[in-house]
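Here are the chains, one letter per residue:
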Amino acid sequence: MIKTKTSPEPKTQTKYFEGIGRRKTAVARVRIYEDGKNKVFSVNGKDLKQYFPQPKLQAIAESPLLKTELSKTINVSVKIKGGGVNAQAEAIRHGLSRAIIHFNQSLRPTLKSLGFLKRD
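Here the structure is a predicted model, which means the values were calculated and not measured.

Undergrad: Summarise the pairing of strand β6 (residues 74-81); cite the residues concerned and give the values.
TA: Inspection of the sheet shows strand β3 (residues 26-34) paired to β6 by eight bridges, in the antiparallel sense. Residue pairing across strands places Val-27 opposite Lys-81, the latter belonging to β6.

Rendered as structure tokens:
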């Protein structure tokens, strides 16, 4: 699903791809933006490393980017609610995988073989 977001400045739109991820009662709305300048991964307005201080949870959340080698060119923005921290990290992985598929359909077999497209 391709959407455009209008910023407060006139005539400026940012193209993003969105995916919804779920795990138990955690729901993550993930948006990815193409931007080669700097890597941003924010969760509920905080940096990923601030939101998930444990490296294991950071690795779970970032794994689709690392496996598809998109970590240098994609910015990620996540809104998440519900569940525990582990379920939230896995919901982010699920939503990020779905957003990546909207971004590039040819990466679907890779993500599917890793099991990132399964809800539970």
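Alright, that's what it looks like, and here's the rest.
Undergrad: Tell me about the nonpolar core, residues and numbers included.
TA: The nonpolar side chains of soluble globular proteins are, as a tendency, buried together. In this structure, Ile-32, Phe-41, Val-76, Val-78 and Ile-92 are the most contacted members of the largest nonpolar core, which totals 29 residues. Of all elements in the fold, only β3, β4 (41-43), α2 (55-67), β6 and α3 (85-103) reach the threshold of two or more residues within this core. At eight residues, the largest contribution of residues to this core is made by α3. Sequence-distant contacts of Val-78, defined by excluding residues within four places in its chain, comprise Ala-28, Arg-29, Val-30, Phe-41, Ser-42, Val-43, Asn-44 and Ile-92.

Undergrad: Go over the side chain of Arg-31 with me, naming the residues and quoting the values.
TA: Relative to the helices and strands, Arg-31 is located in strand β3. Residue classification places Arg-31 among the buried positions, given a relative accessible area of 19%. Only 3.4 Å separates the side chain of Arg-31 from the side chain of Tyr-16, close enough to count as a polar contact. Each residue touching Arg-31, except ones within four places of it in the same chain, is listed here: Tyr-16, Phe-17, Glu-18, Asn-75, Val-76 and Ser-77.

The rules behind these values
- Residues numbered from 1 in each chain as written.
- Predicted model: local features only at pLDDT ≥ 70, side-chain atom pairs only at ≥ 80, totals over all residues.
- Heavy atoms only, no water.
- Pairing = 2+ DSSP bridges.
- Helix = DSSP H or I, 4+ residues; strand = E, 2+ residues; numbered from the N terminus.
- Core = buried A, V, L, I, M, F, W, Y, C linked by side-chain atoms within 4.5 Å.
- Buried < 20%, exposed > 50% of the residue type's maximum accessible area, 1.4 Å probe, protein only.
- Contact = heavy atoms within 4.5 Å.
- Polar contact = N/O pair within 3.5 Å; in protein donor to acceptor, adjacent residues only side chain to side chain.

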